[in-house]
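Spelled out from the first residue to the last, the chains are:
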Amino acid sequence: MNSSTTTSGLTFDVRLSPQRKTPQQRAALLDGPGFGNVFTDHMVTIRYTEDKGWYDARLEPYGPLSLDPATAALHYAQEIFEGLKAYRHPDGSVACFRPDANAARFNRSAHRMAMPALPEDLFLGAIATLLEQDADWVPTQENSSLYLRPFMFATDVGLGVNHPSRSYLFVLIASPSGPYFSGGVAPVTVWLGEDYTRAAPGGTGEAKFAGNYAASFLAQAQAVEKGCDQVVWLDAVEHRWVEEMGGMNLFFVFGSGDSARLLTPALTGTLLPGITRDSLLRLAPELGLPVEEGRISTGAWRDAAASGELTEVFACGTAAVITPVGRVKSADGEFTIGDGSPGPVTLRLREELVALQYGTRPDTHGWIHRIA
Ligand SMILES: *Cc1c(COP(=O)(O)O)cnc(C)c1O
């Protein structure tokens, strides 16, 4: 143990890696890292049992976890995660964007999956502890950041399926990342998939639950087969109300110039409540763009695009920030949004959000948490 920080009555034992990357090795890895392929020198783990609560918080060298083959998560998928980023600011400091919102959502996901809550100060303490050692891994290149991946899974050993696990492991890893989509802000083509659904009423769509993503890969593969980049999820009951795009929330822009207004699908319980979505709901009106939470059917989407009333569509999420949707395909045919290129509202909102996250615009919302 080299040093320690205390949070929520817990002390993070700091066990530094004897094999930290040299500055040269790190620089090579930070040159075009892609997304989610490269990891920093360390990780944080915290254990939980019903008897002890959270205990054994530590920073340790990044590396494999050793698991009994009967570990519950491997069989019954009791696993949740979060995704947020640490950004390099112009003064060289490192900051996260609304990490408290990720901590709160992590606990809502935990509740849905019958898992224990992790105190918010432990969630934030884990991030601070990791960045204290690995801040040099936060890239300085434009549109690059350190993607943080907190997750928690069931560690009971045994195949009993009648109750949730009584023990859990929380892990935080970090991955220096370039732009999420290699095409940058290039518009994507989406597939309106009717064969598979992501989330049903009463199901797990609201939780950042690992199984939701396992269930989505076949639909995403179908979208690619149809010549599209991403799948758009429709509601599970009528198959016509638009919910999300892949792992991102959607916004629709009607009109243009001074009369532009935004619509985003309301949180019905089957959508993932994105923090980017929530931030845009706050930012857009401040920029003179009225925004409404409502619903839009695939038919209304097509008709409004044809009449020209619908001028832009974009998707939003932490990983890719804001991505324009240029073209839509379905079993009934295909259509283009506007002229298919990124629209002015999409680009304006993207620029505003990115400027806040990278600290080149003053933070008037208290969203920026300086970490290192
Ligand atoms: C994570 C996620 C989002 C976006 O959430 P952010 O907090 O904005 O990153 C949207 N939809 C799904 C299905 C997600 O998993």
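Residues numbered from 1 in each chain as written. Predicted model: local features only at pLDDT ≥ 70, side-chain atom pairs only at ≥ 80, totals over all residues. Heavy atoms only, no water.

**Q** Help me out: how do you make sense of the packing of helix 7 (residues 275-286) against helix 9 (residues 344-357) in this one?
**A** Between two packed helices, the angle of one axis relative to the other and the distance separating the axes together describe the packing. Orientation of helix 7 relative to helix 9, taken along the N-to-C sense of each, is 110 degrees, at an axis distance of 11 Å. For the element pair helix 7 / helix 9, the angle class is roughly perpendicular. Seen from helix 7, the contacting residues are T276, S279, L280, L283 and A284; seen from helix 9, they are L349, L353 and L356. (Axes fitted to C-alpha atoms, helices over the stretch in contact; angles between N-to-C directions. Helix = DSSP H or I, 4+ residues; strand = E, 2+ residues; numbered from the N terminus. Parallel < 35°, antiparallel > 145°, perpendicular 65-115°, else oblique. Contact = heavy atoms within 4.5 Å.)

**Q** Just to check I follow, could you spell out the site of the ligand for this structure?
**A** By nearness alone, 15 residues border the ligand, and K208, Y213, E244, T276 and T318 come closest of all. Within the backbone of G247, a nitrogen or oxygen atom sits 3.3 Å from a nitrogen atom of the ligand. Between the ligand and the protein, one listed contact pairs an oxygen atom with a side-chain N or O atom of T276 at 2.6 Å. When the ligand is considered free in solution it has 380 Å² of accessible area, and contact with the protein chains removes 95% of it. Here the residues of the shell around the ligand sort into four nonpolar, seven polar and four charged. (Near = heavy atom within 4 Å. Polar contact = N/O pair within 3.5 Å; in protein donor to acceptor, adjacent residues only side chain to side chain. Areas by Shrake-Rupley, 256 points an atom, 1.4 Å probe, with all protein chains shown as cover. Nonpolar A, V, L, I, M, F, W, Y, C, P; charged D, E, K, R; others polar.)

**Q** Quick question: what am I supposed to make of the domain arrangement of the chain here?
**A** How big an interface is tends to be stated in terms of the accessible area lost upon association of its parts. In terms of domains, the chain is made up of domain 1 (2-177) and domain 2 (188-357). The C-alpha centroid of domain 2 is placed 29 Å from the C-alpha centroid of domain 1. Taken together, the contact between domain 1 and domain 2 spans 21 residues of the former and 22 residues of the latter. Counting each side, the surface lost to burial between domain 1 and domain 2 is near 1800 Å², with a carbon and sulfur contribution of 59%. For the domain 1 face of the interface with domain 2, the top three residues by lost area are F81, F97 and R105, together amounting to 31%. Linking domain 1 with domain 2 are one salt bridge. A salt bridge links R98 to D278; the shortest N-O distance between them is 2.9 Å. Inspection of the region where domain 1 meets domain 2 yields 12 residue pairs in polar contact (both at pLDDT 80 or more). (Domains from an automatic or database assignment. Buried area = accessible area lost by both parts, 1.4 Å probe. Salt bridge = Lys/Arg side-chain N within 4 Å of Asp/Glu carboxyl O.)

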